[in-house]
Amino acid sequence: MEKEKLYIERELKSNSPSIIWNIISTPEGLSRWIADKVQLDGDELTLTWKKPDGNNKTMKARVVALSKNRYFRFQWEEETEPEAVIELRMEKSEITNDHFLCITDYALPDELEQLEDLWEEDFARLRQNTGLL
């Protein structure tokens, strides 16, 4: 079964590209909302989540593309579909000058709702830890 694209866009409460870029592209920024701990070694990302039972869940990803102040793309190590890349993108409205966080992710059709729920949890953490949403 082929994966489907999930696209989510959220307006940000910051007009500072450097703050937004830091949150979506650095280990320190990503660890404030995507995972509990994020490490970057070359193009290898290691993301760790603390589970309620006290154990940790760790996943590895590879940075596949980066354009400063535009987008950060990575792909999970175990991903077999080449197009299934997660993209965190900064957009700026030329009309209002507002900044947006645009996320593209992929999941199997029966997992799309669960993936969207995970991103909503991440957005809640982003709001709580940074005030950007």
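As the structure is a computational prediction, the values presented were derived from the model and not from experiment. Position numbers for residues count from 1 along each chain, tracking the sequence in the order it is written. With pLDDT at 70 or above as the cut-off, local features in this predicted model cover only qualifying residues; side-chain atom pairs require 80 or more to be listed or tallied, and sums for whole chains, interfaces and linings still use all residues. Excluded from the side-chain calculation are hydrogens and water; included are all heavy atoms of the structure.

1. Digging into the overall build of the chain
- A tally of regular secondary structure across the chain gives three helices and seven strands.
- Reading the chain from its N end, one meets helices and strands in the order β-α-α-β-β-β-β-β-β-α.
- Taking 2.2 N^0.38 as the reference for a compact globule, 133 residues should give roughly 14 Å; the C-alpha atoms of the chain span a radius of gyration of 15 Å, in line with that estimate.
- Taken over the C-alpha atoms alone, the chain extends approximately 40 × 35 × 30 Å along its principal axes.
- Note that accessible areas follow from Shrake-Rupley with a 1.4 Å probe, and for residues the cover is restricted to the protein chains shown. Carbon and sulfur atoms provide 44% of the accessible area of the chain, an area that totals close to 8000 Å².
- Distance between charge centroids for the chain: 7 Å, based on 18 positive and 28 negative side chains. Helix and strand labels come from DSSP, where a helix needs a run of H or I of at least four residues and a strand needs a run of E of at least two; each type is numbered from the N terminus. Only the C-alpha atoms count toward the radius of gyration. The rule for a globule is 2.2 Å times the residue count to the power 0.38. His is not counted here, nor are the chain ends, while Lys and Arg score as positive and Asp and Glu score as negative. We put the charge of a Lys on NZ, of an Arg on CZ, of an Asp on CG and of a Glu on CD.

2. Comments concerning the confidence of the model for the chain
- When the pLDDT values of the chain are averaged, the result is 95; 100% of them are 70 or greater.
- At the low end of the mean pLDDT range in the chain sits helix 1 (residues 17–25), at 95; at the high end sits strand 5 (residues 71–76), at 98. pLDDT is a residue-level measure of predictor confidence that goes from 0 to 100.

3. Points about the sheet that holds strand 4 (residues 56–67)
- Only when DSSP finds a minimum of two bridges between them are two strands counted as paired. Taken in spatial order, the seven strands of this open sheet run 1-7-6-5-4-3-2, and their pairing is antiparallel. Here the strands that pair on one side only, and so sit at the sheet edges, are strand 1 (4–11) and strand 2 (37–41). Strand-to-strand, the axes of this sheet are offset by a mean angle of 25°, without reference to chain direction.
- Judged from the eight bridges that link them, strand 1 and strand 7 (residues 99–107) form a sheet pairing that is antiparallel. Within strand 7, the position partnered with Arg10 by the bridge is Leu101. As a rule, the C-alpha atoms of each element are fitted with a line to give its axis, helices using only the stretch in contact, and angles between N-to-C directions run from 0 to 180 degrees.

4. As for the nonpolar core
- What we call a nonpolar core is a set of buried Ala, Val, Leu, Ile, Met, Phe, Trp, Tyr and Cys residues that are connected through their side-chain atoms within 4.5 Å. In this scheme, a residue with accessible area under 20% of its type's maximum is buried, one over 50% is exposed, and one in between is partly exposed, where area comes from a 1.4 Å probe on protein chains only. Counting 33 residues, the largest nonpolar core has Trp33, Leu88 and Trp119 as the members making the most contacts within it.
- For this core, the elements supplying multiple residues, two or more each, are strand 1, helix 1, strand 3 (44–50), strand 4, strand 5, strand 6 (86–92), strand 7 and helix 3 (112–130).
- Sort the elements by how many residues they give to this core and helix 3 lands first, with five residues.

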